[in-house]
Structure formats: C-alpha cells, structure tokens
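# A look at the structure
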Amino acid sequence: MPTAGGASKWWESLERGEVNESEKKAVEELVQSEDISSVRILWRRNHITRVEANECNISGVLAHEALTLLDHCVGLSLYGNVICGGIDVTWFPKNLIYLNLSRNELTGPFPKIAHLRRLKFVHLEHNKFSGPLPPFGPELEVLTAQDNQLSGDLPMLSTCPKLHKLWLFDNFLLTGSLQQAIPPSLKSLSSLLFTHTQIQGPIPDHLVATNCDVQLLVLTPQQEIAYHKLLAADNDDKDTHVEEEAVDQVNSVEE
C-alpha cells in the first residue's frame, strides 16, 4: 500500500498519475495548506483511502465540502487540532470505517454516526459536543466520547450488536439506566467506563456473569460497584494498533 510520508513522495506519485487530482486538492483543503509533509496518506488504485492529519494546527470549521471528494476514504484522523463548530456526517465518505476527531474544539449536537453504516471505530473524546447521544449503527465496535458535554439518557444499544468498547466518562449530565440500555444480546461488550455521569445501575446480570470478559467497568461511587481498572497508555496504543490493522485489512480485501 503506497504511503505519502512527505511532500516529495506525494508530488512524484501525482506526476506519475498515481493519485486522483481532485482528492489531492481535497486533502489540501482539509489541512488548510498545500504543504502536506506532515500528513500521512494512503491510497490504492489512484484513490485516497486514508488520511491522518494529527496535531497539524488545523483551525476553524471542518471543510465538509472537501470530504465529499474523498469517496474512497475508509480512515480519517484529525485529532489534536483546533477544529471548531459542528460536524455533519452526511458529508462524510459513506465507506468510512475509522473516524478520529478527538481533542479538538468541536461543538453542537453529537453527530448522527448511524448514517455511516460501515463505521466501526469512532473517537470523539475531549470536545464540546452537547445534547443526547443518537442511535448507533450496526457495525459500531468502539465509541470513545468522554469529556464532552453530553446529556440525556443513554440510547438503546441493541442497534449495535458488535459493540465492545464504550467510554462516556466525564459527561456530567448524561443519564439513563444500564439495565434498559444494555440488553443481553450485546455479547461482545468488554470495556465500559461511565465515571462522573448520572447513569444508574445496577449492573445487568449478564455483564456480572461474564466479568472475565469485562476489561474495565467503573461506575459512579454512589453505585459502589467497580471492576478492576486497566487503564494505561499501553492499552490505548494496543487498541489503536488493532483498529488500524482492521482498516488496512478492509483495504486489502477491497482491492
């Protein structure tokens, strides 16, 4: 899989006709610069399949129009910038599998990610999204949305049977009942974190019965229930590596 790790490689590939010109311009618009030396880009058959512009000092509102030109993109990561305003996923590539917009200044309602039917891995933590969580799509496996301003009840999670990691801590107005939101059909759940929310227990019996599969489950102190805590940077790195491998595997299959 070709990789544009620097501007010289990118332009050499462009001159050989390896990369779609309109998609290249879309990336420039996303990162607000013609200098893409700090952007990691993967492509296949002339089309961009993955864009990583992390900690590139991107500011202002997200260039939604540019995203419509990245129709073949399955992975988009723009974490650690200062992107502000709301986001509308109806503009996003319909085949997106991995989305990371964490550690920005995004506001407005939490995006309706169920619109992206193939989306598996979503990282939107450390922003300023507000309001209730919308329903999730059927392929969702990981959602991290901690440290936002979410409120309202947890949605029914039966719509995402493959979900195994859900982190919503530090959303102080988030409410709801675990027993109502987490049905027994969710057999893949392994990591839940709801500290500093108003989500109510008790923990559903089916989660207690499978505690050997629960890597992390910590609720509010009032609930007086806590499984052992396995939060560490190494775990985060491992998860990211697994997600990247999953996206790359999709690219290989679709080739």
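This part covers the overall build of the protein. The secondary structure content of the protein amounts to 6 helices and 16 strands. A total of 255 residues make up the protein; the buried ones form 49% of that total. For the protein, the share of sequence-separated contacts (at least 6 apart) that also reach a separation of at least 24 residues comes to 45%. Accessible area for the protein stands at about 11,900 Å²; split by element, carbon and sulfur atoms hold 51% of it.

Enumeration according to the criterion identifies 1 cavity of 30 Å³ or more in this entry. Of the volumes computed, that of the largest cavity is approximately 30 Å³. The wall of the largest cavity is formed by Ile113, Leu116, Leu119, Phe136, Gly137 and Leu140. Grouping the constituent residues of the lining of the largest cavity by class yields 5 nonpolar, 1 polar and no charged.

Here the protein averages 79 in pLDDT, while 73% of its residues score no lower than 70. Mean pLDDT across the secondary structure elements of the protein bottoms out at strand β1 (residues 3-4), with 43, and peaks at strand β8 (residues 105-109), with 97. Note that residues 212-217 has pLDDT below 50 and, in this model, 22 contacts with residues that lie over four places away or in other chains.

Its location among the elements puts Glu141 in the loop between β10 (128-131) and β11 (142-144). Judged by its relative accessible area of 18%, Glu141 falls in the buried class. Contacts of Glu141, omitting those with residues within four sequence positions, involve Lys120, Phe121, Lys162, Leu163, His164 and Lys165.

Another point: helix α2 (residues 21-31). Considered for burial, the residues of α2 that qualify are Glu23, Lys24, Ala26, Val27, Glu28, Leu30 and Val31. Once α2 ends, the next one or two residues include Gln32, with phi positive near 60°.

The subject of this paragraph is the nonpolar core. One finds Leu70, Leu76, Phe92, Leu154 and Ile182 to be the most contacted residues of the largest nonpolar core, which totals 59 residues. Listing elements by their share of this core, those giving two or more residues are α2, β2 (40-44), β3 (47-52), α3 (64-67) and α4 (178-181). Ranked by the residues each element gives to this core, the list is headed by α2, at 4 residues. Once residues within four sequence positions are removed from consideration, Leu70 is found in contact with Glu23, Ala26, Val27, Leu30, Ile48, Val51 and Pro93.

A word on the sheet that holds β10. The 6 strands lie next to each other as β4-β6-β8-β10-β12-β14, forming an open sheet whose pairing is parallel. Of all the strands in the sheet, the pair left with one neighbour each is β4 (59-61) and β14 (173-175). Mean inter-strand twist for the sheet, computed between neighbouring axes without regard to direction, equals 20°.

Rules of the game
Residues numbered from 1 in each chain as written. Predicted model: local features only at pLDDT ≥ 70, side-chain atom pairs only at ≥ 80, totals over all residues. Heavy atoms only, no water. Helix = DSSP H or I, 4+ residues; strand = E, 2+ residues; numbered from the N terminus. Buried < 20%, exposed > 50% of the residue type's maximum accessible area, 1.4 Å probe, protein only. Contact = heavy atoms within 4.5 Å. Areas by Shrake-Rupley, 256 points an atom, 1.4 Å probe, with all protein chains shown as cover. 1 Å grid on protein atoms, 1.4 Å probe; cavity = no way out; pocket = protein on both sides within 12 Å on 5 of 7 lines; lining within 4 Å. Points joined across faces, edges and corners; volume = space filled by probe spheres on them. Nonpolar A, V, L, I, M, F, W, Y, C, P; charged D, E, K, R; others polar. pLDDT = per-residue confidence, 0-100. Core = buried A, V, L, I, M, F, W, Y, C linked by side-chain atoms within 4.5 Å. Pairing = 2+ DSSP bridges. Axes fitted to C-alpha atoms, helices over the stretch in contact; angles between N-to-C directions.

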